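Overview (structure and organization)
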Amino acid sequence: MFEYEQNLISEFLKNRRSVLAVNLQEPGPDEDRLKEIIQIGIRVPDHSRCGPWRIQIIRKNAQAKLGDFYALQFKKNNLAATREQVEYWRLRPQLAPILLVVTCYPNKEKIQKVPLLEQLLSCGALCQNLLNGAHACGFSAQWITEWPAYDPKIRKALGHSDDIEVCGFIFIGSAKEKPSERKRIGINDVVTEWDGSMVKN
């Protein structure tokens, strides 16, 4: 039984697939499932228990307000934007039943022991785990950033100061259809073995 469960987990991880936010629909996770997804999300490497991650839940009413602000900022930043482009960004945060915003709040008391990079990497691991959690609970998800993650006015609207990084927007819902497999980078393209030989200066 244990080997069978191992095989199931292995196949799940090998075949996990993001679904574009535009292809997500209702139903989204209910309160219990969403809590379970987040609990899975925070089971990540966290050196010295820094806990640098923060997660905001944005539901439909708030998504619409965020979309209005996206549109306003996009118009300000792109004076020649067309009506279609502005509308695209108005609708962008409203594509899925649930939108999560993941931010990094560095633990400054432990920054000497746990550098900022390590804390940011932990937040990235949390984003990935949220995707795994969503799929484990029978939903689909996509992790994106795009320009809103780097816009100081949008960060401020979400309640964050300029020094806070938005690590990702996680869209969660049900897939309209099963996604096709995408071409992947192979392990032979990225894996090498070091034999102990030192590079001379």
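This text follows the structure it describes.
**Topic: the overall build of the protein chain**
Secondary structure assignment for the protein chain yields seven helices and five strands. Along the chain direction, N to C, the helices and strands of the protein chain fall in the order α-β-α-β-α-α-β-α-β-α-β-α. With respect to the principal axes defined by its C-alpha atoms, the protein chain has extents near 60 × 45 × 35 Å. When the 201 residues of the protein chain are sorted by exposure, 37% land in the buried category. In the protein chain, the proportion of contacts linking residues at least 24 apart, taken out of those at least 6 apart, comes to 81%. For the protein chain, the exposed area adds up to about 13,200 Å²; of that, 54% sits on carbon and sulfur atoms.

**Here's the deal with the nonpolar core**
In terms of nonpolar packing, the biggest core is built from 21 residues, with I37, L100, V102, L130, I170 and I172 touching the most fellow members. Every element with two or more residues in this core is listed here: α2 (31-41), β3 (98-104), α5 (116-136) and β5 (165-175). Among the elements that take part in this core, α5 stands out by supplying six residues, more than any other. Every residue in contact with L130, bar those within four places of it in the chain, is listed here: I37, I38, G41, L100, V102 and I170. Listed in part, the 20 residues of the second largest apolar core include V19, L24, L99 and F169.

**Remarks on the pairing of strand β4 (residues 140-144)**
In terms of burial, β4 is largely enclosed, as four of its five residues are buried. Looking at chain direction, β4 and β5 are connected through five bridges and run antiparallel. Directly across from Q142, in β5, lies its bridge partner F171.

**Things to note about the packing of aromatic side chains**
In the structure shown here, the tally under the stated rule is six aromatic pairs. Ring centres of W89 and W147 lie 5.4 Å apart, and the angle between their planes is 70°; on these two criteria the pair is classed as edge-to-face. With W89 in helix α4 (residues 83-91) and W147 in the loop between β4 and α6 (152-157), the pair connects residues that are 58 residues apart, well separated along the chain. Each residue in the set Y70, F74, Y88, W89 and W147 is aromatic and connected to the rest through ring pairs, giving one cluster.

**Some words on a nonpolar patch on the surface**
Where nonpolar side chains cluster on the molecular surface, the patch consists of I185, I187, V190 and V191 and spans about 460 Å² of accessible area. Summarising the element assignment, V190 is placed in helix α7 (residues 187-190). By relative accessible area, V190 is classed as exposed at 59%.

**Side note on the pattern of salt bridges**
Overall, the coordinates contain seven salt bridges when judged by the stated rule. The residue R33 makes a salt bridge to E36 at a minimum N-O spacing of 2.9 Å. Of this pair, R33 and E36 both sit in helix α2, three residues apart, roughly one helical turn. For E36, a relative accessible area of 30% translates into the label partly exposed. The shortest N-O distance in the salt bridge between R90 and D68 comes to 2.9 Å. Here the residue R90 occupies a position in helix α4, and D68 occupies one in helix α3 (residues 60-77), the gap between them amounting to 22 residues. For D68, a relative accessible area of 41% translates into the label partly exposed. Each of the salt bridges in this network shares a partner with another, and the network as a whole consists of D68, E87 and R90.

Procedures and definitions
- Residues numbered from 1 in each chain as written.
- Predicted model: local features only at pLDDT ≥ 70, side-chain atom pairs only at ≥ 80, totals over all residues.
- Heavy atoms only, no water.
- Helix = DSSP H or I, 4+ residues; strand = E, 2+ residues; numbered from the N terminus.
- Buried < 20%, exposed > 50% of the residue type's maximum accessible area, 1.4 Å probe, protein only.
- Contact = heavy atoms within 4.5 Å.
- Areas by Shrake-Rupley, 256 points an atom, 1.4 Å probe, with all protein chains shown as cover.
- Core = buried A, V, L, I, M, F, W, Y, C linked by side-chain atoms within 4.5 Å.
- Pairing = 2+ DSSP bridges.
- Phe/Tyr/Trp six-rings, centres within 6.5 Å; stacked < 30°, edge-to-face > 60°.
- Patch = residues over 30% accessible without salt bridge, like charges linked within 9 Å, V, L, I, M, F, W, Y side chains within 5 Å.
- Salt bridge = Lys/Arg side-chain N within 4 Å of Asp/Glu carboxyl O.

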